[in-house]
There are 2 protein chains.
Amino acid sequence: MAPPYNIYEDQCPARQVLDRLADKWALLVLDRLQKEPVRFNQLHRDIKGISQKVLSQTLKKLERDGLLSRCVFATVPVTVEYALTDLGQSLVQTVNTFAHWAELHMDAVLLAQARYDGTV
Amino acid sequence: MAPPYNIYEDQCPARQVLDRLADKWALLVLDRLQKEPVRFNQLHRDIKGISQKVLSQTLKKLERDGLLSRCVFATVPVTVEYALTDLGQSLVQTVNTFAHWAELHMDAVLLAQARYDGTV
DNA sequence: CAGGATCCAAAGCGATACTG
DNA sequence: CAGTATCGCTTTGGATCCTG
């Protein structure tokens, strides 16, 4: 498939990328990493509700996509730091506005939900 | 939970909103509606790969969240148009930059994937 | 500390058939 | 056209235990 890509098409590479990123946990991880590199268990503690398994999977996917780097330090016990790559940095601004929208308009959304649930 | 909301917290309302929106199909639907109101089957045709069931569910969720409106015209057979609300409009710009990022950086992502898969 | 392996329950989804 | 209903399967996800 040649550019310009049609994101409405199945198998469009852009849509596969979108698939991967349109994920709650991935967004939260990227957001958490934007200030500083963070270690595995710290992420696990900070992002409430994520399981160890899912965090591990999410980190692997993001690393595979080139959005974050995994850096191992030979301490005892071993230390692993996750950090955004340049590519990840280029995405994080978008993630920011997305999360910011959620915070900003969440009252309106909750109101709409209440109205919808009451009406239907 | 009082503002400022902590999006890393479980049960944070902002995170519930994020949950809902961090969905591939929802993003594609919102994107598709930004130019014009669209009917059910048109959406079904345009957004390749979505099933009727999932499209229906997605539309209901977005309507419940106040992001789009469902307008019924008494034609024969009945016509239903989905359109963005003001709230939906306020979100769509963010969705745009998100989708745009995917298109712009997808080559880098695919390259990173190939590298990762080859290395590991 | 940083995960991998396993088990199991629950949710999600596609396909199909049907309705007003 | 615009959906709803049902079925069966696949996937996901949490919980738990284990390792270097």
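Cut-off values and rules
Residues numbered from 1 in each chain as written. Chains lettered and ligands numbered in written order. Predicted model: local features only at pLDDT ≥ 70, side-chain atom pairs only at ≥ 80, totals over all residues. Heavy atoms only, no water. Near = heavy atom within 4 Å. Polar contact = N/O pair within 3.5 Å; in protein donor to acceptor, adjacent residues only side chain to side chain. Helix = DSSP H or I, 4+ residues; strand = E, 2+ residues; numbered from the N terminus. Pairing = 2+ DSSP bridges. Contact = heavy atoms within 4.5 Å. Axes fitted to C-alpha atoms, helices over the stretch in contact; angles between N-to-C directions.

S.K.: Sorry if this is basic, but what is going on with the protein's contact with DNA strand C here?
M.R.: In the region of DNA strand C, 18 residues are neighbours, and Gln52(A), Arg70(A), Tyr82(A), Ser51(B) and Lys53(B) sit closest. Near the protein, meaning within 4 Å, the atoms of DNA strand C are sugar or phosphate in a fraction of 56%, with bases accounting for the rest. Here Lys60(A) contributes a side-chain N or O atom positioned 3.1 Å from a phosphate oxygen of DNA strand C. Within the contact set of DNA strand C, a phosphate oxygen lies 2.6 Å away from a side-chain nitrogen or oxygen of Arg70(A). Of all the elements in the fold, those that place two or more residues in the surface near DNA strand C are helix H3 (40-46), helix H4 (52-64) and strand S3 (79-84) of chain A together with helix H4 (52-64) of chain B.

S.K.: How do you make sense of the sheet that holds strand S2 (residues 68-73) of chain A when you look at a structure like this?
M.R.: Where strands meet in a sheet, backbone hydrogen bonds hold them as pairs that are either parallel or antiparallel. Residues and elements named next belong to chain A. With respect to topology, three strands assemble into an open sheet ordered S1-S3-S2, the strand pairing being antiparallel. The open sheet has two edge strands with one neighbour each: strand S1 (38-39) and S2. Relative to S3, S2 runs antiparallel, the two sharing six bridges. Within the sheet, the bridge partner assigned to Val-72 lies in S3 and is Val-80. Of the strands in this sheet, S1, S2 and S3 are in contact with helix H2 (residues 24-33), which crosses S3 at around 95°.

S.K.: Hey, could you run me through the protein's contact with DNA strand D in this one?
M.R.: Close to DNA strand D lie 19 residues; Lys53(A), Gln52(B), Ser56(B), Arg70(B) and Tyr82(B) are nearest. Sugar and phosphate atoms represent 55% of those atoms of DNA strand D found within 4 Å of the protein. Lys60(B) is positioned with one of its side-chain polar atoms (N or O) 3.0 Å from a phosphate oxygen of DNA strand D. The side chain of Tyr82(B) places a nitrogen or oxygen atom 2.6 Å from a phosphate oxygen of DNA strand D. Elements with a contribution of two residues or more to the surface near DNA strand D: H4 of chain A together with helix H3 (40-46), H4 and strand S3 (79-84) of chain B. In terms of residue count, H4(B) provides more of the surface near DNA strand D than any other element does, four residues in total.

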